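Residues per chain, in single letters:
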Amino acid sequence: QVLLVESGGGLVQAGGSLRLSCVASGCTFSSYAMGWFRQAPGKEREFVEAISGGGISTYTADSVKGRFTISRDNAEKTVYLHMNSLKPDDTAVYYCAAKSVPSGISRVPSYYDYWGQGTQVTVSS
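What comes next concerns the included structure. (Residues numbered from 1 in each chain as written. Predicted model: local features only at pLDDT ≥ 70, side-chain atom pairs only at ≥ 80, totals over all residues. Heavy atoms only, no water.)

### Remarks on the pairing of strand β8 (residues 78–83)
Along β8, five of the six residues are buried, which leaves the element largely enclosed by surrounding structure. Here six bridges tie strand β3 (residues 18–25) to β8, and the two strands are oriented antiparallel to one another. Of the residues in β8, the one forming a bridge with Leu18 is Met83. Pairing geometry for strand β7 (residues 68–73) and β8, over six bridges, is antiparallel. (Buried < 20%, exposed > 50% of the residue type's maximum accessible area, 1.4 Å probe, protein only. Helix = DSSP H or I, 4+ residues; strand = E, 2+ residues; numbered from the N terminus. Pairing = 2+ DSSP bridges.)

The following block contains the structure:
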């Protein structure tokens, strides 16, 4: 059973930075593509970033391009979301997701097999 646990969320002022972490267990982590998604109240789950198993390929949503970066440490079984220049519109619960395929990445939530419980990010104006 693959388990994903996010951390690093919190309250930050606009313009600030946060780094989210997602630690995986129960899997050969380097064989999993990973994604970050977010969901604000009353809105659908939105793609943020994705990264292939080896970390070679990444995919970034236009809404966060130039501000957010995804990275991973396969030895630590951790994927990170580095968030800079945060805006109030970035306020949401952030989820990491995993797909048992080393190279394919997707922006579609249904592509992913496993999800974490989410971590709240609140950006104040």
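There's more to say after this.
### Section: the side chain of Arg38
Along the polypeptide, Arg38 turns up in strand β4 (residues 33–39). Separated by 2.9 Å, the side chains of Arg38 and Tyr94 make a polar contact. Those residues in contact with Arg38 that lie beyond four places of it in its chain are Glu44, Arg45, Glu46, Val48, Ser63, Val64, Phe68, Asp89, Asp90, Ala92, Val93 and Tyr94. (Polar contact = N/O pair within 3.5 Å; in protein donor to acceptor, adjacent residues only side chain to side chain. Contact = heavy atoms within 4.5 Å.)

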